[in-house]
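# Remarks on the overall topology
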Amino acid sequence: MRFTLSSTALSNRLQTLARVINSKNSLPILDSFLFNVSNNQLHITASDSENVMQSVLTLDQCDGDGTSLYPVKPSSMH
């Protein structure tokens, strides 16, 4: 899954979505953003298990659909 979009638009959305992430999550998976690429759109989801925030960005380019997790903080990846 490879896609292209504005880094500024992505950064702004991730900063907004990160507000829902709790610094002391009981489940490690909640320390990540869920990226879902489908129909030339990027759907990003963040959750603290009680609250969920989602955002959708239209992609400039996309070579396929897929789903992946990306850590909120790079150090949270083991």
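For the structure itself, look to the data block above.
The structure reproduced in this document is the subject of the present report. Predicted model, so just to flag it, every value in this text is computed and none were measured. (Residues numbered from 1 in each chain as written. Predicted model: local features only at pLDDT ≥ 70, side-chain atom pairs only at ≥ 80, totals over all residues. Heavy atoms only, no water.)

### Quick look at the overall build of the protein chain
Counting its secondary structure elements, the protein chain contains one helix and six strands. The order of helices and strands in the protein chain, counted from the N terminus, is β-α-β-β-β-β-β. Over its C-alpha atoms the protein chain spans a radius of gyration of 12 Å, differing by no more than 12% from the 12 Å that the globule rule assigns to 78 residues. Counting all 78 residues of the protein chain, 28% fall into the buried class. Summarising the internal contacts of the protein chain: among those between residues at least 6 apart in sequence, 60% fall at separations of at least 24. Of the accessible surface of the protein chain, which amounts to about 5,300 Å², a share of 48% is contributed by carbon and sulfur atoms. Positive and negative side-chain charges of the protein chain, numbering 5 and 6 respectively, have mean locations separated by a distance of 9 Å. (Helix = DSSP H or I, 4+ residues; strand = E, 2+ residues; numbered from the N terminus. Rg over C-alpha atoms; globule rule 2.2 N^0.38 Å. Buried < 20%, exposed > 50% of the residue type's maximum accessible area, 1.4 Å probe, protein only. Contact = heavy atoms within 4.5 Å. Areas by Shrake-Rupley, 256 points an atom, 1.4 Å probe, with all protein chains shown as cover. Lys, Arg positive; Asp, Glu negative; His and termini not counted. Charge placed at Lys NZ, Arg CZ, Asp CG, Glu CD.)

### Remarks on a nonpolar patch on the surface
Taken together, the side chains of Leu27, Ile29, Leu34 and Leu69 define a hydrophobic patch exposed on the protein surface, amounting to about 340 Å² of accessible area. Residue placement: Ile29 occurs in the loop between helix H1 (7-17) and strand S2 (32-38). A relative accessible area of 52% places Ile29 in the exposed class. (Patch = residues over 30% accessible without salt bridge, like charges linked within 9 Å, V, L, I, M, F, W, Y side chains within 5 Å. Salt bridge = Lys/Arg side-chain N within 4 Å of Asp/Glu carboxyl O.)

### Examining the sheet that holds strand S6 (residues 66-71)
Taken together, the four strands give an open sheet; going across it, the order is S4-S3-S2-S6, and neighbouring strands pair in antiparallel fashion. Two strands bound the open sheet, and with one partner strand each, they are strand S4 (52-58) and S6. Ignoring strand direction, the axes of neighbouring strands in this sheet form an average angle of 20°. Bridge count between strand S3 (residues 41-47) and S4: seven bridges; the pairing is antiparallel. (Pairing = 2+ DSSP bridges. Axes fitted to C-alpha atoms, helices over the stretch in contact; angles between N-to-C directions.)

### Quick look at the side chain of Asp48
Within the element layout of this structure, Asp48 appears in the loop between S3 and S4. There is a polar contact of 2.9 Å between the side chain of Asp48 and the backbone nitrogen of Glu50. A polar atom in the side chain of Asp48 sits 2.6 Å from the backbone nitrogen of Asn51. Beyond its immediate chain neighbours, meaning those up to four positions away, Asp48 contacts Val20, Asn22, Asn25 and Leu30. (Polar contact = N/O pair within 3.5 Å; in protein donor to acceptor, adjacent residues only side chain to side chain.)

### Thoughts on the nonpolar core
Counting residues in each nonpolar core, the largest one holds 14 residues, and the members touching the most others are Leu10, Phe33, Phe35, Leu42 and Ile44. Mapped by element, the contributors of at least two residues to this core are H1, S2 and S3. Beyond its immediate stretch of four places on either side in the chain, Ile44 contacts Leu10, Leu14, Leu17, Phe33, Leu34, Phe35, Met53, Gln54, Ser55 and Leu57. (Core = buried A, V, L, I, M, F, W, Y, C linked by side-chain atoms within 4.5 Å.)

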